[in-house]
Amino acid sequence: MARKNDKTAETALLLGSIAIFCVFLINSFIVIKHFSKKYNLTEADERVTDSLNIMTFIPKILLILGIPLLFYIFGGLIGDKLNNKNVAYIFIAIGCILGIIWAILLSARVGTTQIGVLIYKKRGIAVIPYDSSSNNLTENLFCKYVTGYFLMEEIPLAGITKITRESGKKLFIHGTFGTRCIAWRNKQKRDECIAAFELACKKRLSSFDTGM
């Protein structure tokens with residue numbers, strides 16, 4: 001009986017992880033297609049993107065896929081105390097549901113970062129992935145921590161006053177709209193993005209932030 005239960009649990013965990021991964025892939029594709037159509041990428045004067053930027057999300061992706069297993073282990077401990085093996089399966093189901101929810105949110109963020117930064121000179125705007133640490137939407141926590149994953153933001157090129165970069169891979173755009181942070185996988189893409197903004201604004205914008 002124990003072996004049968006183990007096999008059933010293994011099957012449930014495998015199917016749960018597959019379901020989570022499929023949701024992640026499908027939603028990423030949907031978000032990319034949505035913004036590709038909305039902003040018509042071919043019309044952008046400049047586009048800075050990194051197809052390998054998804055690599056920065058791998059630790060979180062693996063954690064999401066492991067959620068059903070973590071809940072199964074925790075549920076098994078509770079089930080042993082209650083002398084009820086079914087508790088572990090209930091926790092697997094809960095873990096799968098939470099994993100799918102997290103996968104939807106994370107995959108949306110992956111989708112927006114894969115779109116990258118778009119610059120439209122004639123329209124005078126730049127489109128960037130939404131920065132959850134920005135000053136806007138702070139009064140609406142649901143928008144900040146949930147729907148924000150699905151958003152891209154338009155900022156006016158004329159409103160950009162300067163761009164600062166740290167020793168890491170982030171850049172900070174400052175202007176009349178406040179400050180926005182864009183994170184890249186490496187310094188090369190960060191500097192490529194800065195150069196695209198300076199070309200569009202026709203002036204030097206960047207400086208190095210020492211944190212002093």
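Look above for the structure.
Residues numbered from 1 in each chain as written. Predicted model: local features only at pLDDT ≥ 70, side-chain atom pairs only at ≥ 80, totals over all residues. Heavy atoms only, no water.

Looking only at helices and strands, one finds five helices and eight strands in the protein chain. Each helix (α) and strand (β) of the protein chain, taken in turn from the N terminus, gives the series α-β-α-α-β-β-α-β-β-β-β-α-β. Looking at the protein chain residue by residue over its 212 residues, the buried ones come to 40%. Pairs at least 24 residues apart make up 65% of the contacts formed inside the protein chain by residues separated by at least 6 positions. (Helix = DSSP H or I, 4+ residues; strand = E, 2+ residues; numbered from the N terminus. Buried < 20%, exposed > 50% of the residue type's maximum accessible area, 1.4 Å probe, protein only. Contact = heavy atoms within 4.5 Å.)

Reading across the sheet, the four strands line up as β1-β2-β3-β4 and stay open at both edges, with antiparallel pairing between neighbours. Looking at the sheet topology across the chains shown, the edges are occupied by β1 (46-48) and β4 (152-156). Averaged over neighbouring strand pairs, the angle between their axes works out to 15° when direction is ignored. Pairing of strand β2 (residues 117-120) with strand β3 (residues 125-129), which is carried by three bridges, proceeds in the antiparallel orientation. (Pairing = 2+ DSSP bridges. Axes fitted to C-alpha atoms, helices over the stretch in contact; angles between N-to-C directions.)

What follows concerns empty space enclosed by the protein. Applying the stated criterion across every chain yields a total of one cavity of 30 Å³ or more. What the largest cavity holds in volume is close to 30 Å³. Of all the secondary-structure elements, those providing two or more residues to the lining of the largest cavity are α1 (2-39) and α2 (58-82). (1 Å grid on protein atoms, 1.4 Å probe; cavity = no way out; pocket = protein on both sides within 12 Å on 5 of 7 lines; lining within 4 Å. Points joined across faces, edges and corners; volume = space filled by probe spheres on them.)

All right, on to the layout of surface pockets then. The volume enclosed by the largest pocket comes to roughly 680 Å³. Looking at the largest pocket, it is lined by 25 residues, and the ones nearest its centre are Phe57, Lys60, Arg109, Thr113 and Ala183. Top contributing element to the lining of the largest pocket by residue count: helix α3 (residues 86-115), with five residues.

Turning to a nonpolar patch on the surface, a few remarks are in order. The grouping of Ile90, Ile94, Ile97, Leu98 and Ile101 at the surface amounts to a nonpolar patch, some 440 Å² of accessible area in total. Among the secondary structure elements, Ile90 is positioned in helix α3. (Patch = residues over 30% accessible without salt bridge, like charges linked within 9 Å, V, L, I, M, F, W, Y side chains within 5 Å. Areas by Shrake-Rupley, 256 points an atom, 1.4 Å probe, with all protein chains shown as cover. Salt bridge = Lys/Arg side-chain N within 4 Å of Asp/Glu carboxyl O.)

By the definition in use, this model includes three aromatic pairs. Ring geometry for Phe35 and Tyr39: centres 6.2 Å apart, planes at 10°, overall stacked. Of this pair, Phe35 and Tyr39 both sit in helix α1, four residues apart, roughly one helical turn. Judged on exposure class, the residue Phe35 and its partner Tyr39 are both buried. Ring plane angle 40° and centroid distance 6.4 Å describe the contact between Phe71 and Phe91, whose orientation is recorded as tilted. (Phe/Tyr/Trp six-rings, centres within 6.5 Å; stacked < 30°, edge-to-face > 60°.)

Turning our attention to unusual backbone geometry. Positive phi, close to 45°, is recorded for Asn40, a residue that is not glycine. Inspection of the secondary structure assignment puts Asn40 in the loop between α1 and β1. On the basis of relative accessible area, Asn40 is assigned to the partly exposed category, the value being 31%. With a phi angle near 60°, Lys202 is a residue other than glycine that sits in the positive phi range. With relative accessibility at 77%, the residue Lys202 sits in the exposed group.

What follows deals with the packing of α2 against α3. Two numbers describe a pair of packed helices, the interaxial angle and the distance between the axes. Two elements in contact, α2 and α3, have axes whose closest approach is 7 Å; the angle formed by their N-to-C orientations is 160°. Relative to α3, the element α2 is oriented roughly antiparallel. Note on packing geometry: the crossing formed by α2 with α3 is right-handed. Among the residues forming the contact of α2 with α3, the class breakdown is 20 nonpolar, five polar and one charged. (Parallel < 35°, antiparallel > 145°, perpendicular 65-115°, else oblique. Left-handed = near helix turned anticlockwise from the far one by under 90°. Nonpolar A, V, L, I, M, F, W, Y, C, P; charged D, E, K, R; others polar.)

In total, this model carries four salt bridges according to the counting rule given. With a closest N to O distance of 2.9 Å, Glu153 and Arg180 form a salt bridge. Linking Glu153 in strand β4 with Arg180 in strand β7 (residues 178-183), this pair joins segments that are 27 residues apart in sequence. Residues Glu153 and Arg180 agree in their burial class; the two are buried.

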